[in-house]
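Overview (structure and organization)
Single-letter residue listing:
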Amino acid sequence: MKRQKPEVTTLDALYADDPIAADRLLWGRRTSGLSRRGFLRKSGLLSMSAALGAAIPFARFMPAGLIPAAFAAESAETEIEGKEGLIVLNTRPINAETPAHLLDDAITPNHRMFVRNNGIPPEAVDPDTWTLEIAGESCLRPQSFTIADLRSRFEEVTLQLQLECGGNGRSEFVPAASGNQWTTGAIGCPMFTGVRLRDVLNYCGLAEDAVYLGYYGADTHTSGDPDRDPISRGVPIVKAMERESIIAWAMNGEDIPLQNGYPLRLICAGWPGSVSGKWLNKLVVRNQIHDGEKMAAPSYTVPAEPVAPGSRVPPSQMRIIESMPVKSLVTFPQSGISHDFRQRLTVRGHAWAGDNQISGVFISIDFGATWLPTALNPAANRLAWQNWETWVQLPEPGYYEIWARAMDDRGRSQPMVVPGWNPRGYLNNASHRVAVQAV
Ligand SMILES: Nc1nc2c(c(=O)[nH]1)N[C@H]1C(S)=C(S)[C@@H](COP(=O)(O)O)O[C@H]1N2
Ligand SMILES: [Mo]
């Protein structure tokens, strides 16, 4: 029985088991999110401080209902070869995310790139005989290319491109949305080398009625049924024809890791990762919105109008997700560290905004009461995340959270609370929070 254990464990466990009960204990009432300020009960403050093992200097600014970032689940180690340190969410198919502090590199290394598989990757891939077929009712000159053909016929480009799963952040939705319970780690921004999709499409000729591009990959359905595709999505032709949409054979100058699509993949960055087909062996130019697997609602769609949490939404009211929203990550310090309060604390991370750019990243050490601007670097190229950095001086020992909030070049800011609930839990771009114990 939990009653026998000290209060510290109880509160911690309570948050893990039943955040609503923990909320009532600390705040004295049910709260409906992080929208209201303050009012931590005296007993609640004591319990929370005890559980955190520190005073909370800015407790007066804590929004009602806040679950301290220090209580986020501890990371488990994994066995995915070449992906050490990633958190495995599922093994069949393999899905693994990268803890925020392991995404600290400006350019995501291959072994830190998350894995999101809908099916079973192909085995025994031979890059010399791999072919990419270009077809579809709106392709004028259907034909196939080997990787060597692509390399010799088209200009090679290398770009840093962000890839984020549409479901990144899903774990925070209440009521829970089905699917992989990603926290913050289904994002990465490696360098990709390949050829422009538009060069290949122009070479094969687009009919006047071409409106959409669909992809197929060599992975197989988890059911084993050879007639079912795990996923076959795509993008409107205008997105496919952008300079940054590429067919890539290398990631950070090396072969693409098998789990990330070796030997060939599509990258249409800034949109849900699901449009960037892995193990790419066929592209179809369509005269209608591509109707491949996971193109139809509820997959990768959100309600056209806001809905009450838990609602059922008819497919006709769902819209295909296009650009991803503005978002940021604190990659240093690692959440949960201790820090000597007399020393400055460096804080840094990345920010990205789908098809758009970042105009500013702000951080708060007082639960959002005040915000400080950070130094923001330009992107390496369009559709690459931007790195930001600053430092803070924590005023006294105690428990702090560092919150980051990015704004895009259209003035849209990240929310501090989980945004619009949707049936499959896409597009959670709430501010990232890390815990720091100043000692
Ligand atoms: N063929 C194929 N392509 C795919 C997928 C897949 O399961 N099969 N998953 C998609 C999804 S949902 C995402 S988020 C990205 C993930 O890319 P990564 O595993 O390289 O991080 O690939 C996309 N491309
Ligand atoms: Mo995804």
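Residues numbered from 1 in each chain as written. Chains lettered and ligands numbered in written order. Predicted model: local features only at pLDDT ≥ 70, side-chain atom pairs only at ≥ 80, totals over all residues. Heavy atoms only, no water.

**A short note on the nonpolar core**
With 40 residues, the main nonpolar core has Ile134, Leu150, Leu197, Ile247 and Leu283 as its most contacted residues. Listing elements by their share of this core, those giving two or more residues are strand 4 (131–135), helix 4 (147–153), helix 5 (197–204), strand 10 (212–217), helix 6 (237–240), strand 12 (246–251) and strand 15 (280–286). The element that contributes the greatest number of residues to this core is helix 5, accounting for four residues. Aside from chain neighbours lying at most four places away, what touches Leu283 is Leu132, Glu133, Ile134, Ala135, Leu197, Leu213, Gly214, Tyr215, Ile247 and Leu266. Judged by nonpolar contacts, the second largest core, of 38 residues, contains Met48, Ala69, Val392 and Ala435. (Core = buried A, V, L, I, M, F, W, Y, C linked by side-chain atoms within 4.5 Å. Buried < 20%, exposed > 50% of the residue type's maximum accessible area, 1.4 Å probe, protein only. Helix = DSSP H or I, 4+ residues; strand = E, 2+ residues; numbered from the N terminus. Contact = heavy atoms within 4.5 Å.)

**A look at the site of ligand 1**
Every one of the 20 residues lining ligand 1 counts as a neighbour, but Phe114, Asn118, Asp219, Arg265 and Lys278 are closest to it. Here Asn260 contributes a side-chain N or O atom positioned 2.8 Å from an oxygen atom of ligand 1. Interatomic distance of 2.6 Å between a side-chain N/O atom of Arg265 and an oxygen atom of ligand 1. Contact with the protein chains covers 100% of the free accessible surface of ligand 1, which is 530 Å². Split by residue class, the shell around ligand 1 holds eight nonpolar, eight polar and four charged. (Near = heavy atom within 4 Å. Polar contact = N/O pair within 3.5 Å; in protein donor to acceptor, adjacent residues only side chain to side chain. Areas by Shrake-Rupley, 256 points an atom, 1.4 Å probe, with all protein chains shown as cover. Nonpolar A, V, L, I, M, F, W, Y, C, P; charged D, E, K, R; others polar.)

**Brief notes about the side chain of Gln437**
Here Gln437 lies in strand 26 (residues 432–438). Contact partners of Gln437, with chain neighbours within four places excluded, come to Leu52, Gly53, Ala54, Ile337, Ser338, His339, Gly398 and Tyr399.

**What about helix 3 (residues 42–52)?**
Three or more residues of helix 3 are buried, namely Gly44, Ser47, Met48, Ser49, Ala51 and Leu52. Following helix 3 by one or two positions, Gly53 adopts a phi angle in the positive range, close to 75 degrees.

**Quick look at the confidence of the model for the protein**
Averaged over every residue, the pLDDT of the protein is 92; residues scoring 70 or more account for 92%. Counting contacts from residues 1–8, a segment whose pLDDT is below 50, to residues more than four positions away or on other chains yields seven contacts. A low-confidence stretch, residues 30–37 stays under pLDDT 50, and its non-local contacts, those more than four residues away or across chains, total 27 contacts. (pLDDT = per-residue confidence, 0-100.)

**Here's the deal with the domain arrangement of the protein**
Interface size, as often reported, equals the accessible area lost upon joining of the parts. Its domain assignment divides the protein into domain 1 (11–63), domain 2 (118–320) and domain 3 (327–438). For domain 1 versus domain 2, the separation of C-alpha centres amounts to 42 Å. (Domains from an automatic or database assignment.)

**Description of the pairing of strand 2 (residues 94–97)**
Relative to strand 2, strand 1 (residues 87–91) runs antiparallel, the two being bridged by four bridges. Residue pairing for strand 2: Ile87 is matched across the bridge by Glu97. Adjacent in sequence and paired antiparallel, strand 1 and strand 2 are bridged by two residues. Bridge count for strand 2 against strand 3 (residues 115–116) is two bridges, and the pairing is antiparallel. Bridge assignment links Asn95 to a residue of strand 3, and that residue is Arg116. (Pairing = 2+ DSSP bridges.)

**Concerning the packing of aromatic side chains**
Aromatic ring pairs are described here by two measures, namely the spacing of the ring centres and the angle between the planes. All chains considered together, the criterion is met by nine aromatic pairs. On the basis of an interplanar angle of 85 degrees and a centroid distance of 6.1 Å, the ring pair of Phe114 and Trp182 is categorised as edge-to-face. With Phe114 in the loop between strand 2 and strand 3 and Trp182 in the loop between strand 7 (163–164) and strand 8 (187–188), the pair connects residues that are 68 residues apart, well separated along the chain. Each member of the pair, Phe114 as well as Trp182, carries the same accessibility label: buried. Ring geometry for Phe154 versus Tyr203: centroids 5.3 Å apart, planes at 85 degrees, classification edge-to-face. Separated by 49 residues along the polypeptide, Phe154 in the loop between helix 4 and strand 6 (156–160) and Tyr203 in helix 5 bring together distant segments of the chain. Overall, the relative accessible area of 9% leaves Phe154 in the buried class. In this structure an aromatic cluster arises from ring pairing among Phe58, Phe61 and Tyr400. Residue placement shows Arg344 over the ring face of Trp391; its charged tip is 3.6 Å from the ring centre. (Phe/Tyr/Trp six-rings, centres within 6.5 Å; stacked < 30°, edge-to-face > 60°. Lys NZ or Arg CZ within 6 Å of the ring centre and 35° of its normal.)

**Here's the deal with the pairing of strand 18 (residues 327–332)**
As a general feature of sheets, a regular strand has side chains that alternate between the two faces. The element strand 18 is extensively covered by neighbouring structure, given that five of its six residues are classed as buried. Relative to strand 20 (residues 345–352), strand 18 is paired through five bridges, and the arrangement is antiparallel. Across the sheet, Ser328 pairs through a bridge with Ala351, a residue of strand 20.

**A few points about the side chain of Ser232**
Position of Ser232 among the secondary structure elements: in the loop between strand 10 and strand 11 (234–236). Overall, the relative accessible area of 0% leaves Ser232 in the buried class. A polar side-chain atom of Ser232 sits 2.8 Å from a polar atom in the side chain of His290. Beyond its immediate chain neighbours, meaning those up to four positions away, Ser232 contacts Tyr215, Tyr216, His290, Gly292, Glu293 and Met295.

**What to know about unusual backbone geometry**
Residue Pro93 is reached from Arg92 by a cis peptide bond, and omega for that bond is -5 degrees. Along the chain, Pro93 falls in the loop between strand 1 and strand 2. Here the residue pair Val174 and Pro175 is connected by a cis peptide bond, since its omega of -5 degrees sits within 30 degrees of zero. In this structure, Pro175 sits in the loop between strand 7 and strand 8. Although it is not a glycine, Ala124 adopts a positive phi angle of roughly 50 degrees. The backbone of Leu383 shows a phi angle near 70 degrees, a positive value even though the residue is not glycine. Note on placement: Leu383 falls in the loop between strand 23 (375–376) and strand 24 (386–392).

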